[in-house]
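Commentary on secondary and tertiary structure
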Amino acid sequence: MKKRRKKPSSRLDADQGAYTCPTCGESIIIPLDLTQGTDQEYIEDCPVCCNPNIVHVELDPQWPDPRVWAERE
């Protein structure tokens, strides 16, 4: 009997965020450090194209998901 693979869930964990790399267009999932405040900004290299991005994270307890986006450094 052939086993069916379970489809990966597109839903992120509570401590994860996602952004689209502005250089290569790939969707990047990142861990979030919820202890670092409600407005975060840091530089991180894209794991696909290795270009540096400025990653922005905004957290609000009233929002269902954090806001995460990136721009080129």
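Residues numbered from 1 in each chain as written. Predicted model: local features only at pLDDT ≥ 70, side-chain atom pairs only at ≥ 80, totals over all residues. Heavy atoms only, no water.

Some remarks on the overall build of the protein
Secondary structure summary: the protein contains zero helices and five strands in total. The proportion of buried residues among the 73 residues of the protein is 22%. Look at the contacts in the protein between residues 6 or more apart in sequence, and 27% of them connect residues 24 or more apart. For the protein, the exposed area adds up to about 6,000 Å²; of that, 48% sits on carbon and sulfur atoms. (Helix = DSSP H or I, 4+ residues; strand = E, 2+ residues; numbered from the N terminus. Buried < 20%, exposed > 50% of the residue type's maximum accessible area, 1.4 Å probe, protein only. Contact = heavy atoms within 4.5 Å. Areas by Shrake-Rupley, 256 points an atom, 1.4 Å probe, with all protein chains shown as cover.)

Overview of the nonpolar core
Judged by nonpolar contacts, Tyr-19, Cys-21, Ile-28, Ile-30, Leu-32, Cys-46, Val-55, Val-57, Leu-59, Val-68 and Ala-70 together constitute the single largest core of eleven residues. Elements with a minimum of two residues in this core: strand E2 (27-31), strand E4 (52-58) and strand E5 (67-72). Not counting residues within four places of it along the chain, the set of residues in contact with Val-68 comprises Gly-17, Ala-18, Tyr-19, Ile-30, Leu-32, Val-55, His-56 and Val-57. (Core = buried A, V, L, I, M, F, W, Y, C linked by side-chain atoms within 4.5 Å.)

Points about the environment of Cys-50
Along the chain, Cys-50 falls in the loop between strand E3 (39-45) and E4. By relative accessible area, which is 55% here, Cys-50 ends up exposed.

Structural notes on the pattern of salt bridges
All chains considered together, the criterion is met by one salt bridge. Put simply, Arg-67 and Glu-58 hold a salt bridge, and the shortest N to O gap is 3.8 Å. Look at Glu-58 and you get partly exposed, because its relative accessible area is 24%. (Salt bridge = Lys/Arg side-chain N within 4 Å of Asp/Glu carboxyl O.)

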